[in-house]
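These are the residues of each chain, in order.
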Amino acid sequence: MRPALHRKIGVIATAMLLLFVAAVPVASATKPAIGPNGQGTVLIVGDSLTFGANYFGKLATKTQSTNIWTKVVLDAKNGRKSTFGAKVIADRLTDTTTAVVVALGTNDMISNSQSWYPDYAIDTVMEQVGTLPVLWVNVEFSPTGRADWRSRGVRFNRALKNATARYPNLMVADWNKFFTPKGQSRFVADGVHLTVTGYKTRTTYFITKMTEFAQQIISATTTTSTTIDPSSSSSSSSSTTTTSSSSSTSSTSSTSTTTSVPTPTTT
């Protein structure tokens, strides 16, 4: 009788424990938190230049270490044009995305000479972003490279600057003005891609401009203003996750892979 009674009591206790565990709400680990500064995920979308900045300069890791956004998603692919980047943005946006960084336009200008194309490319991206704050890094070709690419780059950058009048949520990072190729920090022979040192310089520039961008978002949020002024700087808050893709060297798209790795608040 006693062994049977003990077994019966054990079965009842186990059943009650399972019912208790099932009744306990489980916190979702898939939804990133919004930080105390109001920032959640920052989405960085780029081409092989962004891949290089991440591979050689650890762009995603350094963005995390600013402790501004709770999650960093970086998606870069060789040969990506703005029009394809728009589709990536549409797929990657979540309800916790609070900012988007775009570094596209180079492949557009290599492949398209039409005068109307820059506006079309920019509008296609901005339509997907909606009202989210956007930092767009403009384009630059080597001063010793193809003259037609350089002239198209000037056209794209002018269209991007003009687009800020149509989109008050758009801020332009003037990489073209900043980057003066010299020494080891320069373009390689194709006039498009950079040396290892050049990519590290690009990463440093990205972090500086993204920090300024973030401070303007935070300031605009606290003052209920939608104006983004590129002249401010500094940062705060938290960070966690990265996502990256593949790259290569030409204006034609190749394969890409994406990995997401949770990280602690700093690296």
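Residues numbered from 1 in each chain as written. Predicted model: local features only at pLDDT ≥ 70, side-chain atom pairs only at ≥ 80, totals over all residues. Heavy atoms only, no water.

A. Spatial organisation of the overall build of the protein chain. Counting its regular elements, the protein chain contains 9 helices and 7 strands. Across the 267 residues in the protein chain, those meeting the buried criterion constitute 48%. Across the protein chain, the fraction of contacts at a sequence separation of at least 24, relative to all contacts at a separation of at least 6, is 75%. Counting every atom, the protein chain has about 13400 Å² of accessible surface; 58% of that belongs to carbon and sulfur. (Helix = DSSP H or I, 4+ residues; strand = E, 2+ residues; numbered from the N terminus. Buried < 20%, exposed > 50% of the residue type's maximum accessible area, 1.4 Å probe, protein only. Contact = heavy atoms within 4.5 Å. Areas by Shrake-Rupley, 256 points an atom, 1.4 Å probe, with all protein chains shown as cover.)

B. Summary view of the sheet that holds strand 2 (residues 71–76). Spatially, 5 strands are ordered 2-1-3-4-5 in an open sheet, and the strand pairing comes out parallel. What marks the edges here is a single partner per strand, and that holds for strand 2 and strand 5 (170–173). Each strand of the sheet is rotated relative to its neighbour by a mean of 20 degrees, with strand direction disregarded. Alignment of strand 1 (residues 41–46) against strand 3 (residues 97–103), held across 6 bridges, turns out to be parallel. (Pairing = 2+ DSSP bridges. Axes fitted to C-alpha atoms, helices over the stretch in contact; angles between N-to-C directions.)

C. Main features of the pattern of salt bridges. Evaluation of the coordinates by the stated rule reveals 7 salt bridges. Between D75 and R92 there is a salt bridge whose closest N-O contact spans 2.9 Å. With D75 in strand 2 and R92 in helix 4 (residues 82–92), the pair connects residues that are 17 residues apart, well separated along the chain. The exposure class assigned to D75 is buried, which follows from its relative accessible area of 5%. (Salt bridge = Lys/Arg side-chain N within 4 Å of Asp/Glu carboxyl O.)

D. Quick peek at the pairing of strand 5. Two strands pair when backbone bridges link them, and strand 4 (residues 134–137) and strand 5 are joined in this way by 4 bridges, in the parallel orientation. Within strand 5, the residue paired with L135 across the bridge is M171. Note on the crossover from strand 4 through helix 7 (residues 147–166) to strand 5: the handedness is right-handed. (Right-handed = clockwise from strand over helix to strand, strands pointing away.)

E. Up close: the packing of helix 2 (residues 48–57) against helix 9 (residues 196–222). In contact at an axis separation of 8 Å, helix 2 and helix 9 are set at 95 degrees when each is read in the N-to-C sense. In this view, helix 2 runs roughly perpendicular relative to helix 9, as classed from their interaxial angle. Residue-level inspection shows S48, L49, T50, G52, A53, F56 and G57 of helix 2 in contact with helix 9, the latter providing V196, Y199, K200, R202, T203 and F206. (Parallel < 35°, antiparallel > 145°, perpendicular 65-115°, else oblique.)

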